[in-house]
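Residues per chain are reported as follows:
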Amino acid sequence: MSKNKRSEIKIGIELDENRVPENIVWSAPDGGVDTAVSKAMMVSMWDSVEKESFRIDLWTKDMPVDEMRVFFHQTLVSMADTYHRATNDEKMRDTMLDFCDYFAEKLELKKED
């Protein structure tokens, strides 16, 4: 009989007096992350009973807009990759990546070579 291993990701949010995030820190010991600082986060979870997703989107009040644009673009590209790995649907992945290119173009994000 195998014994399952448990892993944890911890997220800490420091709020100001108006409950606006000032600091976000997270740790994932199994991934080698110990108290890393972040300015934004998006976490999505799937409720298989209700057949719906729920999410937590937070960013600190000092998160620059230009960095938020890059964060969104990178997240969208990552979602296309994750969708492809989960479904093996290359056509939809490519369609999603086309949108990511459009998004980057409209926001005038520089492509990294």
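Just so you know, these numbers come straight off a predicted model, no measurement behind them.

Caption draft 1: A look at unusual backbone geometry. For Thr35, which is not glycine, the phi torsion reads 55° and is therefore positive. For Thr35, the position within the fold is in strand β3 (residues 33–38). For Thr35, a relative accessible area of 49% gives the class partly exposed. The backbone of Asn88 sits at a positive phi, close to 60°, despite the residue not being glycine. Judged by relative accessible area, which is 58%, Asn88 ranks as exposed.

Caption draft 2: Fine view of the sheet that holds β3. Spatial ordering of the open sheet is given by β1-β2-β3, a layout of 3 strands whose pairing is antiparallel. The open sheet has two edge strands with one neighbour each: β1 (10–15) and β3. Neighbouring strand axes in the sheet, compared pairwise and without regard to direction, differ in orientation by 20° on average.

Caption draft 3: Region of the structure containing the environment of Ile11. For Ile11, the location among the structural elements is in strand β1. Distance from Ile11 to Val37, taken between C-alpha atoms, is 10.0 Å for residues 26 residues apart in sequence. With residues near it in sequence (within four places) discarded, Ile11 still touches Ile24, Val25, Trp26, Met41 and Val43.

Caption draft 4: The arrangement of the packing of aromatic side chains in detail. Taken as a whole and assessed by the stated rule, the structure comprises 3 aromatic pairs. Look at Phe71 and Phe72: their rings are 6.4 Å apart centre to centre, the planes differ by 80°, and that puts the pair in the edge-to-face class. Overall, the relative accessible area of 37% leaves Phe72 in the partly exposed class. With 6.0 Å between their ring centres and 50° between their planes, Phe99 and Phe103 make a pair best called tilted. Of this pair, Phe99 and Phe103 both sit in helix α2 (residues 90–106), 4 residues apart, which is roughly one turn of that helix. In textbook terms, an aromatic cluster arises when at least three aromatic residues are bridged by ring pairs, as seen for Phe99, Tyr102 and Phe103.

Rules used throughout
- Residues numbered from 1 in each chain as written.
- Predicted model: local features only at pLDDT ≥ 70, side-chain atom pairs only at ≥ 80, totals over all residues.
- Heavy atoms only, no water.
- Helix = DSSP H or I, 4+ residues; strand = E, 2+ residues; numbered from the N terminus.
- Buried < 20%, exposed > 50% of the residue type's maximum accessible area, 1.4 Å probe, protein only.
- Pairing = 2+ DSSP bridges.
- Axes fitted to C-alpha atoms, helices over the stretch in contact; angles between N-to-C directions.
- Contact = heavy atoms within 4.5 Å.
- Phe/Tyr/Trp six-rings, centres within 6.5 Å; stacked < 30°, edge-to-face > 60°.

These values are about where atoms sit, not about what they do.
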